[in-house]
Amino acid sequence: MKLLFLLLCVFSVTSLLAEDAVKVVSAEEVANLIAAKKATVLDIRTPEEFAAGHIAGAVNIDFLEPDFAKKISALDKSKTYVVHCGAGSRSGRALPVFLEQKFPSLLHLQSGFKGWESAGLPVQK
């Protein structure tokens, strides 16, 4: 019983640390980071979604592809990355993959690409 309690405590602390490693940011904050060249945008939607419209300069790595983890492992971990999908669901599921690979600076675009569009920010097609 003590071992189970200890494991639950360790898991809880680990989860809290993982959540602290990712900051949720607004579309406006991302636009400012892009303008200052302080972040790289990772669009994890499908290539078809990306082609229909994306944030200028974004890198497309499809979360649904089986080699997703391998592709992100090739990224420069010294950079700050803004991760997004269409509305936030897929990117939320992708964040643990980044954290497992020890990415130290991750930002999650609130409401995803839909939030970017809703803010009236430019879309590249």
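Right, let's walk through the structure included here. (Residues numbered from 1 in each chain as written. Predicted model: local features only at pLDDT ≥ 70, side-chain atom pairs only at ≥ 80, totals over all residues. Heavy atoms only, no water.)

**Regarding the environment of Gly120**
Looking at the secondary structure, you find Gly120 in the segment after α6 (112-118). When its relative accessible area of 62% is taken as the criterion, Gly120 is described as exposed. Taking the C-alpha atoms as reference points, Gly120 and Ala27, 93 residues apart in sequence, are found 9.4 Å from one another. (Helix = DSSP H or I, 4+ residues; strand = E, 2+ residues; numbered from the N terminus. Buried < 20%, exposed > 50% of the residue type's maximum accessible area, 1.4 Å probe, protein only.)

**Quick notes on the packing of aromatic side chains**
Under the counting rule described, the total for this entry stands at four aromatic pairs. Considering the side-chain rings of Phe68 and Phe98, the 6.0 Å spacing of their centres and the 80° angle between planes classify their relative orientation as edge-to-face. Of this pair, Phe68 sits in helix α4 (residues 68-73) while Phe98 sits in helix α5 (residues 89-100), placing them 30 residues apart in sequence. Since its relative accessible area comes to 0%, Phe98 is described here as buried. By way of ring pairs, the aromatic residues Phe63, Phe68, Tyr81, Phe98 and Phe103 are connected into one cluster. Positioned over the ring face of Phe113 is Arg45, at 4.3 Å from the centre of the ring. (Phe/Tyr/Trp six-rings, centres within 6.5 Å; stacked < 30°, edge-to-face > 60°. Lys NZ or Arg CZ within 6 Å of the ring centre and 35° of its normal.)

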